[in-house]
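Chain and residue survey
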Amino acid sequence: MEKAIVKTNSLSKHYHVGTQTVIALDGVDFEVKEREFVSIIGKSGCGKSTLLHMIGGLDFPTSGTVMVDGMNLSEMNEEQLALFRRRKVGFIFQQYNLIPDLNIYDNITFPLELDGTIVDKEFIRELAKTLHIADRLAMFPSMLSGGEQQRAAIARALAAKPAIILADEPTGNLDTSASHDVIGLLKVTAEKYQQTLIVITHDLDIAQMADRTVRLQDGKIWKGK
Amino acid sequence: MEGKVILMLANNNRSVINKLAGNTVRTNKRQFSILFLTILLSSFMLFSIFTIGLTYLDLSRLQNTRLYGSEYDIAVMNGFTEDQREILISYAGIKSVGVLAYCGNVKSSDSDRSVYAGFLWGDKTYWESQKAPAVTEMKGHYPKARNELLATKEVLEACGKSSLSVGGHLSVTYEDHTGIHTMDFVISGIWKGYGGDKANFYVSKDFYEQTGCDLESDGILQVKFKSNYVTGKTIEKLKESLGLSLTQVFQASEYIEKSLTILFAVLGLCFIICLSAYLLIYNILYLSVSGKIRYYGLLQTLGMTKKQLVRLIREQILLVGMAGTTAGILLGVSVSLILVPYVVKMLGISLGNMGLCFYPEVLALSILVTTAAILCGVRKPVHIAAGVTPVEAVKYRENVVTPRTGKRRRGSLYRRMAEAQLKNNKKKTVVVFLSLAMSLIVFFSLTTLIDSQGRRTVYPNYWDADFIVHNSTQTAEDITSLRSAIDDAFLSDIQKTEGVAEVHAVKGIPVTFPYEESGFSDFWIKGCTELKPYLTYADTVSEYQHNPGKYYGMIKGIDESEFDYLNESLGGIIDKQEFLSGKTAVLQYAGFEISQEWIGSSISFSIPTEHSAAHFPAGRGNSFAVLPGIGNQKQEITVGAVSYGDYYGATVNFGANLIVSETYLESLTSKPYVLSLNIKYKQSYDAETEKKIKNIVKANPCHNDLLSVSKYDDMKTIQDSQSGMFEMGIIISLLLLLVGMLNYVNTMANSMQNRKLTFSIMESVGMSKKQIKRLLIHEGILYAGGSVFITLTVGTGITWFIFQSMNYMKIPFTIPVFPLLCAILSVMILCVLTPVVTYKKTVRNRSVTERLREYE
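As the structure is a prediction and not an experimental result, all values here were calculated from the model. Think of each chain on its own: its residues are numbered from 1, step by step along the sequence as written. The order in which chains are written sets their letters, starting at A; the order in which ligands are written sets their numbers, starting at 1. Thresholds applied to this predicted model are a pLDDT of at least 70 for local features of residues and 80 or more for the giving and counting of side-chain atom pairs; totals over whole chains, interfaces and linings are not thresholded and use all residues. Each side-chain value is derived from all of the structure's non-hydrogen atoms; neither hydrogens nor water enter the calculation.

Across its full length, chain B carries 29 helices and 19 strands. Taking all 856 residues of chain B together, 55% fall into the buried category. Residue contacts follow a heavy-atom distance rule, with two residues in contact if any of their heavy atoms lie within 4.5 Å. When contacts within chain B are restricted to residue pairs at least 6 apart in sequence, those whose partners lie at least 24 apart make up 83%. Total accessible area on chain B stands at roughly 37,900 Å², and carbon and sulfur atoms take up 58% of it. Secondary structure elements follow DSSP: runs of H or I no shorter than four residues count as helices, runs of E no shorter than two count as strands, and numbering proceeds from the N terminus. Burial here depends on accessible area, computed with a 1.4 Å probe over protein chains only, as a share of the maximum for the residue type. Under 20% is buried, over 50% is exposed, and the range in between is partly exposed. Every accessible area reported is derived by Shrake-Rupley at a probe size of 1.4 Å, with residue values counting cover from the shown protein chains alone.

Attention shifts here to the overall build of chain A. Broken down by element type, chain A carries 7 helices and 10 strands. Sorting the 225 residues of chain A into buried and exposed places 54% on the buried side. Of the contacts made within chain A by residues no fewer than 6 positions apart, 72% connect residues no fewer than 24 positions apart. Put simply, chain A shows about 9,700 Å² of open surface, and 48% of that area lies on carbon and sulfur atoms.

Moving on: the interface of chain A and chain B. The partner chain B presents 33 residues to the 32 residues of chain A that form the contact. Summed over both partners, buried area is the accessible surface (1.4 Å probe) that two parts give up on being assembled. Roughly 3,000 Å² of surface becomes buried between chain A and chain B when both sides are summed, with 56% attributable to carbon and sulfur atoms. Three residues, Pro100, Asp101 and Leu114 of chain A, lead the burial of chain A against chain B; their summed loss comes to 19% of the area buried on that side. Between glutamate 113 of chain A and arginine 416 of chain B there is a salt bridge, and its shortest N-O distance comes to 2.4 Å. Polar contacts, as counted here, are pairs of nitrogen or oxygen atoms within 3.5 Å of one another; within protein the pair requires one atom able to donate a hydrogen and one able to accept it, and residues that are adjacent in sequence qualify only if both atoms are side-chain atoms. Our enumeration of links across chain A and chain B arrives at 12 residue pairs in polar contact (both at pLDDT 80 or more). Looking at the side of chain A that touches chain B, the elements that each hand over two or more residues are helix H1 (48-55), helix H2 (78-87) and helix H3 (104-115) of chain A. Here the side of chain A that touches chain B gets 6 residues from one element, more than from any other, and that element is H3 of chain A. Residues of the side of chain A that touches chain B, tallied by class, amount to 17 nonpolar, 6 polar and 9 charged. Throughout this description, the term salt bridge denotes a Lys or Arg side-chain nitrogen within 4 Å of a carboxyl oxygen of Asp or Glu. Residue type decides the class: Asp, Glu, Lys and Arg count as charged, Ala, Val, Leu, Ile, Met, Phe, Trp, Tyr, Cys and Pro as nonpolar, and the leftover types, Gly among them, as polar.

A contiguous patch of negative charge, built from Asp83, Glu86, Asp214 and Glu216 of chain B, is present on the exposed surface. In this fold, aspartate 83 of chain B is placed in helix H3 (residues 82-90). Grouping into patches uses exposed residues only, defined as over 30% relative accessible area, and leaves out salt-bridged ones; the cut-off is 9 Å for like charges and 5 Å for nonpolar side chains (Val, Leu, Ile, Met, Phe, Trp, Tyr). Under this rule, positive means Lys or Arg and negative means Asp or Glu; His and the chain ends count for nothing. In plain terms, the charge of a residue is placed at NZ if it is Lys, CZ if Arg, CG if Asp and CD if Glu.

Another point: the pairing of strand S9 (residues 212-217) of chain A. Residues and elements named next belong to chain A. A pair of strands is considered paired only if DSSP assigns at least 2 bridges between the two. Looking at chain direction, strand S3 (residues 37-42) and S9 are connected through 5 bridges and run parallel. Looking across to S9, one finds that glycine 42 is bridged to leucine 216. In the sheet, S9 pairs with strand S10 (residues 220-221) via 2 bridges, with the strands oriented antiparallel. Considered in S10, the bridge of leucine 216 is made with isoleucine 221. Turn length for the S9-S10 hairpin, with the two strands adjacent in sequence and antiparallel, is 2 residues, and the turn residue aspartate 218 shows positive phi of about 50°.

Below, the discussion takes up H2 of chain A. Those residues of H2 of chain A that sit buried are Leu81, Ala82, Phe84, Arg85 and Arg86 of chain A. Its side-chain oxygen at 3.2 Å from the backbone nitrogen of glutamate 79 of chain A, asparagine 77 of chain A defines the N-terminal cap of H2 of chain A.

All right, on to unusual backbone geometry then. Not every positive phi belongs to a glycine, and tyrosine 96 of chain A is a case in point at roughly 65°. With respect to the secondary-structure elements, tyrosine 96 of chain A resides in the loop between strand S6 (89-92) and H3. The backbone of asparagine 78 of chain B shows a phi angle near 60°, a positive value even though the residue is not glycine. Looking at where asparagine 78 of chain B falls in the secondary structure, it is placed in the loop between strand S1 (74-77) and H3. A relative accessible area of 40% places asparagine 78 of chain B in the partly exposed class.

This paragraph deals with the sheet that holds strand S5 (residues 71-72) of chain A. Residues and elements named next belong to chain A. Pairing is antiparallel across the open sheet formed by 4 strands, whose spatial order is S2-S1-S4-S5. Both edges of this open sheet fall to strand S2 (20-33) and S5, since each of them pairs with a single strand only. As defined by bridge partners, strand S4 (residues 63-68) adjoins S5 across 2 bridges and the pair is classed as antiparallel. For methionine 67, the partnering residue across the bridge sits in S5 and is asparagine 72.

The next point concerns the nonpolar core. Buried residues of nine kinds, namely Ala, Val, Leu, Ile, Met, Phe, Trp, Tyr and Cys, make up a nonpolar core once their side-chain atoms join them within 4.5 Å. Of all hydrophobic cores here, the largest spans 73 residues; its most connected members are Phe30, Leu51, Phe110 and Ile198 of chain A. No other element matches the 9 residues that helix H28 (residues 817-843) of chain B contributes to this core. In contact with isoleucine 198 of chain A, not counting residues within four places along its chain, are Val6, Val32, Val38, Ile40, Leu52, Ile55, Ile164, Ile165, Leu166 and Ala167 of chain A. Ranked by size, the runner-up nonpolar core spans 51 residues in total, among them Ile74, Tyr174, Val203 and Ile256 of chain B.

Our next topic: the side chain of threonine 799 of chain B. Topologically, threonine 799 of chain B is positioned in helix H27 (residues 769-806). Beyond its immediate chain neighbours, meaning those up to four positions away, threonine 799 of chain B contacts Ile441, Phe444, Ser445, Thr448 and Phe813 of chain B.

With that out of the way, let us pick up the side chain of serine 171 of chain B. Residue and element names in this part refer to chain B. Assignment of secondary structure puts serine 171 in strand S6 (residues 169-176). Looking at serine 171, its side chain comes within polar contact range of the side chain of aspartate 184, at 3.2 Å. Excluding its chain neighbours within four sequence positions, the residues that come into contact with serine 171 are Ser108, Ser109, Asp110, Thr182, Met183 and Asp184.

Another point: the packing of helix H10 (residues 259-290) of chain B against helix H13 (residues 360-387) of chain B. Residue and element names in this part refer to chain B. Each axis is a line fitted through C-alpha atoms, and for a helix only the stretch in contact is used; angles between axes span 0 to 180 degrees, taken between their N-to-C directions. H13 packs onto H10 with a crossing angle of 30° between their chain directions and a minimal axis gap of 8 Å. Judged on the interaxial angle alone, H13 and H10 are roughly parallel. Crossing hand, H10 versus H13: right-handed. Between H10, through Cys274, Tyr278, Ile281, Tyr282, Leu285, Tyr286 and Val289, and H13, the contact on the second element is made entirely by Val369, Thr370, Ala373, Ile374, Cys376, Gly377, Val378, Lys380, Pro381, Val382, Ile384 and Ala385. Residues that form the contact of H10 with H13 fall into these classes: 16 nonpolar, 2 polar and 1 charged. Note that the term roughly parallel is reserved for angles under 35 degrees, roughly antiparallel for angles over 145, roughly perpendicular for angles of 65 to 115, and oblique for everything else. Should the near helix be turned anticlockwise from the far one by less than a right angle, the crossing is termed left-handed; should it be turned clockwise, right-handed.

Our next topic: the environment of arginine 35 of chain A. Along the chain, arginine 35 of chain A falls in the loop between S2 and S3. The partly exposed category is assigned to arginine 35 of chain A, whose relative accessible area is 41%.

Our focus in this paragraph is the packing of helix H4 (residues 121-130) of chain A against helix H5 (residues 146-159) of chain A. Residues and elements named next belong to chain A. Two elements in contact, H4 and H5, have axes separated by 10 Å at closest approach and are oriented at 145°. Of the two elements, H4 crosses H5, and the hand of that crossing is right-handed. Of the residues in H5, those touching H4 at Phe123, Ile124 and Leu127 are Ala155, Leu158 and Ala159.

Residues and elements named next belong to chain B. Pairing of aromatic rings covers Phe, Tyr and Trp, the last counted by its six-membered ring, and requires centre-to-centre distances within 6.5 Å; plane angles under 30 degrees mean stacked, over 60 mean edge-to-face, and any other angle means tilted. What the rule picks out here adds up to 32 aromatic pairs over all chains. Taking 6.1 Å as the distance between ring centres and 35° as the angle between the ring planes, the aromatic pair formed by tyrosine 126 and tyrosine 202 counts as tilted. Placement of the pair is tyrosine 126 in helix H4 (residues 124-130) and tyrosine 202 in strand S8 (residues 200-203), with a sequence separation of 76 residues. With centroids separated by 6.0 Å and ring planes inclined at 55°, the aromatic side chains of tyrosine 142 and tyrosine 202 adopt a geometry described as tilted. Linking tyrosine 142 in the loop between strand S4 (135-140) and strand S5 (148-151) with tyrosine 202 in strand S8, this pair joins segments that are 60 residues apart in sequence.

The next subject is the pattern of salt bridges. The final tally for this structure, using the stated rule, is 34 salt bridges over all chains. Among the ionic pairs, glutamate 662 of chain B bridges to lysine 507 of chain B, the shortest N-O distance being 3.7 Å. Of this pair, glutamate 662 of chain B sits in helix H22 (residues 662-666) while lysine 507 of chain B sits in strand S12 (residues 500-511), and the two are 155 residues apart along the sequence. One connected set of salt bridges, linked through shared partners, spans Lys7, Glu31 and Lys33 of chain A.

Attention now goes to a nonpolar patch on the surface. Residues and elements named next belong to chain B. On the surface, a nonpolar cluster with roughly 370 Å² of combined accessible area is contributed by Leu825, Ile829, Leu833 and Val837. Considering the arrangement of structural elements, one finds leucine 833 in helix H28. Classification of leucine 833 as partly exposed rests on a relative accessible area of 47%.

Residues and elements named next belong to chain B. The buried fraction of strand S18 (residues 673-681) is high, at 9 of 9 residues. Of the pairings in the sheet, the one linking strand S11 (residues 467-471) to S18 comprises 4 bridges and is antiparallel in character. Directly across from valine 469, in S18, lies its bridge partner leucine 677.

Let us now look at the confidence of the model for chain B. Residues and elements named next belong to chain B. pLDDT runs from 0 to 100 and stands for how confident the predictor is about each residue. Per-residue pLDDT for chain B has a mean of 82; in total, 88% of the residues score no lower than 70. Low pLDDT, under 50, characterises residues 610-622; the stretch is placed with 17 contacts to residues that sit more than four places away or in other chains. In the predicted assembly, ipTM is 0.84 and pTM is 0.65.

Turning to the sheet that holds strand S8 (residues 196-200) of chain A, a few remarks are in order. All names here are of chain A. The strand order S6-S7-S8-S3-S9-S10 describes an open sheet built from 6 strands, whose pairing is mixed. Of all the strands in the sheet, just S6 and S10 have a single pairing partner and so form its edges. The sheet contacts of H1 involve S3, S6, strand S7 (164-168), S8 and S9, and relative to S7 the element is tilted by about 155°. Helix-sheet contacts for H5 involve S6 and S7, and the interaxial angle to S6 is about 170°.

Here you go:
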């Protein structure tokens, strides 16, 4: 049996908005196995993105722990978390979040260059070919369509061959056909590079493409009535 | 079916827009504070710089007045006619026409047998209008009666009567155009102030009229224009209108001749300052409005028309602009009219009669430029905001500029990203470069100008000596008058003084030139009698033949180093070996034209012996001894050149002065008099060495017969006349630099606000804060490098141009390396640190998620 690559234990996150405290995550125990494709669904504000950000080391929990590949993220400092994000996870955002000053090739290789590793140009070209953006590498993000930008963001997430791909509504800004293309490509590449895939989505069709679907409600894992 | 048309009916929505504009500004204080600060700094800069700048210009003119001794723009010398004076008085652009005349020189007083001082007479306009700005204190009154003198402490000291006060009596022997007279005078007044006339007495009109002097041949007309800026054409026209004779000299001051160029240079500087203010406001306005495009898009989505949106943005900017301008002006008033005078007072700097005062035109200009900058600067961003559709607005990102080429850049990641940041937002980059460079350029120009003003303190004295001591025992007609006021012990004390690098002595002995008809002595008599109207050629020749000692000259020996300097000043025309061996001498100019026929000619002289030891008091006069076989024997030497320098002291004798080599002099006398000492310090203007030298001079028993010239004292005098001008200039330069730097901080703070999302994205994909800081340091270095490059290239050109335009003193152009280096270093440190610090402040302790959420 595959071992758990992601494990959260009583994970809670509270935000303070004015005088109010918003409970985004409330004691979440969650596990994802290696090479598993998990989709997370739930209503807006239920804590999906917060959970994904906790797993990706983008945010700090109020209480509880996040273990990724045997590492306790709560014990890491900012520098270590940056290294973790660069090497262990690949993020895909709904807004693509490409860096506007860099062309697509530089955007894709950005995490590798941050790490000072030699870029495997052949791999990048193959990745771009797989994602149908090989002819867009010299262009800047603002020159590309939404679907192309999202595929570039996927390429960036995969470039460092991370163990885990975290996608936060990657198809939120795409039409149905492009959405299925993107998820299909994600699934294919994740399988190809033996990666764990966690996708947040509102689209039940996409959720059904996953090995397992987890539903969040009011900051907790919904376990059914 | 007919299509429906929605009609826009006029309604009063001004109040809702006003309310919205006010609310937006109140609730977005943080974002609008940067715009507010920029406008505040710009109006503050304009107000303070122009207020202090105007005072600086006034001080600069006051310095000229003090250096020249009175306030005038044009002098008509060598006499004038009453008609010419009338023409000048009736000339519309002229403020005052004063009359000044030299009318005699003091030869001795009842306390000092050798005095170097002159008699001057000035009319009421001269004294009360033109001289007044250079007079700081006046006791008593200008001479009215014939026997009254107006003195300074300096001239009284020269007469050996420093204790005299107003009403005191002084007996002097003086020479005028009618002859040599002795008269008892009453001191009618004592004045303190500035000018070369401090070594002279002012006399009454009655006294002047009986000196034999004539305004038509000796008078000077001093003309002051109403305006400080006059064209060359006006000066030329004025000159032509006077119909000057061949002997009259029309001399415009260097300042007034260059005044129009100076005005243009000042206006050029003002333009750069205004442009710099405009660029800063424009840049921040652009960044400020484009940073709120999403919000404006939202308003459009809710039904706001483009027209209403434009009005809203304008009202927001107007509110912030009014507040910023008011605050800036108030800050300017506090700094320039309260803080700066306070600091100046605390530092003990005298501004003389000048003070920083409120100029309404400066206030108007500051408001005008700031308002114009806001109105012009707001047009483009408003156009962008109104042109973006609501959907585009949601996706709008300020720093997304589609590059023309997708070509991949080479170099390290940080360098590529930093370059991309600068290249992709060229407008912002150019504005930042220009605003920083302009601050540096204005600083560069001002420090160069101020530094050149400072360098006016260096008087071009002979050989740039730090201290010169002259033996002033000599009188004009007595060949036995010279005393050994500078002896070996004194010379040795000076040489041994710590801090003294070199001491060069000019030595000499009196000589007589035998009368030869049509010979050298005859030529000399003709020249001298032209200068002294009371002497007739025939009588002088007759007396000369009977008593040549009365018309004695001097032979002065200089060392090899001094010869090298002298020869260089003469253009190297003298053969060194011939000079050193005593074949050639240099003839010293005495005030009349020396014909070229004497260059290369041999002249005779002899050293009388009969007057020697008997005339001198014991122990003081016996230093002069003629070598055996020399006394009263005819000697010959060839004139190699004429020196027009007035350094070689003791020039009161009627006869000629011959400069020869020290070796040659020693072949004539075993022990000559030391006439002057030329002292050079290891460190120029060294106060400690100066003090020691002055103490040695004071301790000399003959100190009353020593005349000292100190470069240190000259520097102090001129520094005093500058009246805090230097400090004012430094304050302006520093203010400008500070404002430029603050504006860079402001621009960067705004830029960081607008790039928050990009940084968050970078962090989300694994860039550490340390790496972001490295990237920002790279950007800072590029900004600093670019600005410094512009400053050192274009800036040097601009500075040179401004300097030359204002350089009426003909001072060589020198870059003030130290202040410029300090400014460049400060700018570099600031450029590197600002992005890092502002990034840190922008990020605070919020997680990447929190920061990313702001944009969702």
